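Structure assessment
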Amino acid sequence: MSITGDWDRRISRRTLLKTGGSFAAGVTLAGLAGGRAFAQSSYPFTLGVASGDPSQNGVVLWTRLAPDPLAVGGGLPAEPYEVRYEVAKDEGFRKIVRHGTTVALPEEAHSVRVELDNLGPRHEFFYRFKAGNDISPTGHTRTTPPGNAMVESVTFAFVSCQNFPDGYFTPYADVADAADIEAVIHLGDYIYEGPASAVRAHAPRREIMTLDDYRIRHGQYKTDPNLQAAHAAHPWLVTWDDHEFDNNYADLEMDPNMTPEQARARRAAAYRAYWEHMPLSRARKPVGPDLQLYRRFTWGKQATFNVLDGRQYRSDQIAGACTPVDSSGYCADVLRPDRTMLGAEQRAWLFEDLATTKARWNVIAQQTAFAPRNTATDGTRAFAGRDNWDGYVGERQQIVDWLVAQGTPNPVVLTGDSHQHWLRNVPPHYSSFEGAPAATEFMGASVSTGGDRGTVTRFADDPNNPHILFQNNNCGYVRCTLTPEHWTTEYRTVTQVSVPESPASTKATFVVENGRPGAVPAGI
Ligand code: FE
Ligand code: CA
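Not measured: the values here are computed from a predicted model.

**Topic: the overall build of the protein chain**
For the protein chain, the count of helices and strands is eight helices and 23 strands. Computed over C-alpha atoms, the radius of gyration of the protein chain comes to 23 Å, within 12% of the 24 Å expected from 2.2 N^0.38 for 524 residues, which places it in the range of a compact globule. Each principal axis of the C-alpha atoms in the protein chain carries an extent, and together these give about 75 × 50 × 45 Å. The burial tally for the protein chain puts 60% of its 524 residues in the buried class. If you take every contact in the protein chain between residues at least 6 apart in sequence, the share linking residues at least 24 apart comes to 70%. Accessible surface computed for the protein chain: about 19500 Å², of which carbon and sulfur atoms make up 51%. Averaging the positions of the 51 positive and the 60 negative side-chain charges in the protein chain gives two centres separated by 6 Å.

Quick look at the structure:
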């Protein structure tokens, strides 16, 4: 990495005035004039680059200046810095299609986002940032197919649950190397908030609470070279689960409880640091403890992705004993229609699209296990899920009923959180496993959470859960390839995450046929 003496160009008042209109409202000029020089002695792009939220004409580019990411302020004084960017058609940056200057602000942890538009559909681009004499790693990104196109084939990956102390983010090497992947969807648990130390130690070594804590934690995660490589290789669509803020939180409810003011302040810190470290648009910058993260992406007529937020608006998990009300195996509270995972506004937004979509494949990208899982092993029914959809059955049934009633084409649910690969065909009614599946659910293993475990692999061998066709508990990720007639899912795993490099392979492959919800093993 280069060490230079002069990338410490704090932005001059004149430059800021020249560029201020183009990057952000509300930048204050106070305190910029006549500042002292400081000696910067290390490379600022230690956290790599990222791109995200692609559309048919645009994409968001991201980086953050942090010469010392584990230090408060990333090792920079609280001053703004000028950052240049270049977007090119070629990796050598000879055919530059966009370039410009923006500003990294201390109040945004010196993160930088550049929102590109008018790029043209399904194009590939290379991008990089410059600060002083230092140049960032090169990123590669894409725009999506045009709105009216049904493309021959498109491939994406989905990931979740990367616990830094549990292991290296080894599966990302395979994600980064797959040149055919057009997007990566992260379904949450991008960071974990605890103090753990195992294969690696968390920084800071305590449960994170403050904005500086969350920034250091995000910075530490982004130092993983395989994670950086996967960000640099493809555009990402990110959503969060609980650990970006606090384990199993529901809106502002946490265990143990904080006062409402403490909870709001901590959530504001968590959401703010999340936004600062993700390739999300400036329009999503959180306001206090609120960040509207649920949003929609399209890949031509091939696929629509409804990316959900199952945390910020949800009812608290049920507490105490659950006595099943009837042979369904569910207790009364989880059936209550007023308990929600999504909140009324997000649910209405989702339902509107599910009723009107023209896309071939309609993806619900979300956090926690959607299809039921019977935890009884004696032929009866019992559902122990509290934090997943088995704890929010009333709302889940509304969604399933809506998919069926509206005839939503090819609904597919993508899920993180469980730290294992699963394939579940979603039964049409909560009270039994009978009937044609209403949707297909692909659940992805953790990137590293849980670490190396004795391998468990099961194929459709559970009489208590006849709709569950596959389970595997190795770390990995999921690859999905969509054509007009077939959806193919490959469950990728690595042998170990206790080491930074480990071979990846496909554990199982399943196919959904256009017009027939529910997957079957490939080759049948
Ligand atoms: Fe997790
Ligand atoms: Ca989780």
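Read on, since the account is not over.
**Re the side chain of Arg142**
For Arg142, the location among the structural elements is in strand S8 (residues 139–142). On the accessibility criterion, Arg142 (10% relative accessible area) is buried.

**Considering the coordination of the iron ion (ligand 1)**
Protein-derived coordination of the iron ion (ligand 1) comes from Cys161 (SG), Asp189 (OD), Tyr192 (OH) and His419 (NE2), at a distance range of 2.0 to 2.4 Å. Note that the iron ion (ligand 1) binds four donor atoms; their angles at the metal cover 87 to 163°, and the shape is irregular. Donor residues for the iron ion (ligand 1) sit on one chain with the sequence pattern C-x27-D-x2-Y-x226-H. Here the iron ion (ligand 1) and the calcium ion (ligand 2) are spaced 3.7 Å apart, with Asp189 acting as a shared donor. Remark: His419 occurs in the loop between strand S15 (411–415) and strand S16 (421–426) and Cys161 occurs in the loop between strand S9 (154–159) and helix H2 (171–177); sequence separation between them is 258 residues. Judged by its relative accessible area of 0%, Cys161 falls in the buried class.

**Comments concerning the state of the cysteines**
Across all of its chains, the model carries one disulfide by this definition. With no disulfide of its own, Cys480 lies closest to Cys161 among cysteine sulfurs, the gap being 16 Å.

**Describing the packing of helix H7 (residues 344–356) against helix H8 (residues 393–406)**
Angle between the axes and distance between the axes are the two parameters that describe a pair of packed helices. At a minimum axis distance of 9 Å, the contact between H7 and H8 shows a crossing angle of 20°. Looking at the two axes, H7 sits roughly parallel to H8. The hand of the H7/H8 crossing is right-handed. Counting all contacts with H7, which are made through Arg347, Phe351, Leu354 and Ala355, the residues of H8 involved are Glu395, Gln398, Ile399, Trp402, Leu403 and Gln406. Per-class residue counts for the contact of H7 with H8 are six nonpolar, two polar and two charged.

**Examining the packing of aromatic side chains**
In this structure the tally under the stated criterion is 30 aromatic pairs. Between Phe156 and Phe305, the aromatic rings sit 5.1 Å apart at their centres with planes inclined by 90°, giving edge-to-face as the arrangement. Of the two residues, Phe156 is situated in strand S9 and Phe305 in strand S13 (residues 303–307); the sequence distance between them amounts to 149 residues. This pair shows no difference in class: Phe156 is buried, exactly as Phe305 is. In this structure an aromatic cluster arises from ring pairing among Phe156, Trp299, Phe305, Trp361, Phe442, Phe459, Phe470, Trp487, Tyr491 and Phe510. Cation over ring: Arg128 sits above Phe93, and NZ or CZ is 3.9 Å from the ring centre. It is Arg381 that lies over the ring of Phe433; its NZ or CZ is 4.8 Å from the centre.

**Describing the nonpolar core**
By size, the foremost hydrophobic cluster in this structure holds 37 residues, and its most contacted members are Tyr172, Tyr214 and Trp236. Counting residues per element, the ones that place at least two in this core are S9, H2, strand S10 (181–186), helix H3 (211–222), helix H4 (225–233), strand S11 (235–238) and helix H5 (260–277). Counting residues per element, this core draws most heavily on H5, which supplies seven residues. In contact with Tyr172, not counting residues within four places along its chain, are Val159, Gln162, His186, Asn226, Leu227, Ala230, Trp236 and Val447. If you look at the next biggest cluster of nonpolar residues, it comprises 32 residues, including Val154, Phe156, Leu423 and Ala519.

**Some thoughts on the coordination of the calcium ion (ligand 2)**
On the protein side, the calcium ion (ligand 2) has Asp189 (OD), Asp241 (OD), Asp242 (OD) and Asp417 (OD) as donor atoms, found 2.3 to 2.6 Å from it. Taking the relative accessible area as the measure of exposure, Asp241 reaches 1% and is therefore buried.

**Details of the pairing of strand S5 (residues 111–116)**
Within S5, five of the six residues are buried, leaving the element largely enclosed by the surrounding structure. Pairing of strand S2 (residues 59–64) with S5, which is carried by six bridges, proceeds in the antiparallel orientation. Residue Arg64 lies in a different strand from S5, and its bridge partner there is Ser111.

**A word on the environment of Met278**
With respect to the helices and strands, Met278 occurs in the loop between H5 and strand S12 (295–299). Residue classification places Met278 among the buried positions, given a relative accessible area of 0%. Sequence separation between Met278 and Pro463 is 185 residues; the distance between their C-alpha atoms is 42 Å. The contacts of Met278, once residues within four sequence positions are left out, are Trp62, Arg113, Tyr190, His218, Lys222 and Val238.

Criteria and thresholds
- Residues numbered from 1 in each chain as written.
- Chains lettered and ligands numbered in written order.
- Predicted model: local features only at pLDDT ≥ 70, side-chain atom pairs only at ≥ 80, totals over all residues.
- Heavy atoms only, no water.
- Helix = DSSP H or I, 4+ residues; strand = E, 2+ residues; numbered from the N terminus.
- Rg over C-alpha atoms; globule rule 2.2 N^0.38 Å.
- Buried < 20%, exposed > 50% of the residue type's maximum accessible area, 1.4 Å probe, protein only.
- Contact = heavy atoms within 4.5 Å.
- Areas by Shrake-Rupley, 256 points an atom, 1.4 Å probe, with all protein chains shown as cover.
- Lys, Arg positive; Asp, Glu negative; His and termini not counted.
- Charge placed at Lys NZ, Arg CZ, Asp CG, Glu CD.
- Donors = N, O, S within 2.8 Å, 3.2 Å for Na, K, Ca; no water.
- Tetrahedral: all angles 85-135°; square planar, octahedral: opposite > 155°, others 65-115°.
- Disulfide = S-S within 2.5 Å.
- Axes fitted to C-alpha atoms, helices over the stretch in contact; angles between N-to-C directions.
- Parallel < 35°, antiparallel > 145°, perpendicular 65-115°, else oblique.
- Left-handed = near helix turned anticlockwise from the far one by under 90°.
- Nonpolar A, V, L, I, M, F, W, Y, C, P; charged D, E, K, R; others polar.
- Phe/Tyr/Trp six-rings, centres within 6.5 Å; stacked < 30°, edge-to-face > 60°.
- Lys NZ or Arg CZ within 6 Å of the ring centre and 35° of its normal.
- Core = buried A, V, L, I, M, F, W, Y, C linked by side-chain atoms within 4.5 Å.
- Pairing = 2+ DSSP bridges.

Function cannot be read off these values alone, since they describe shape.
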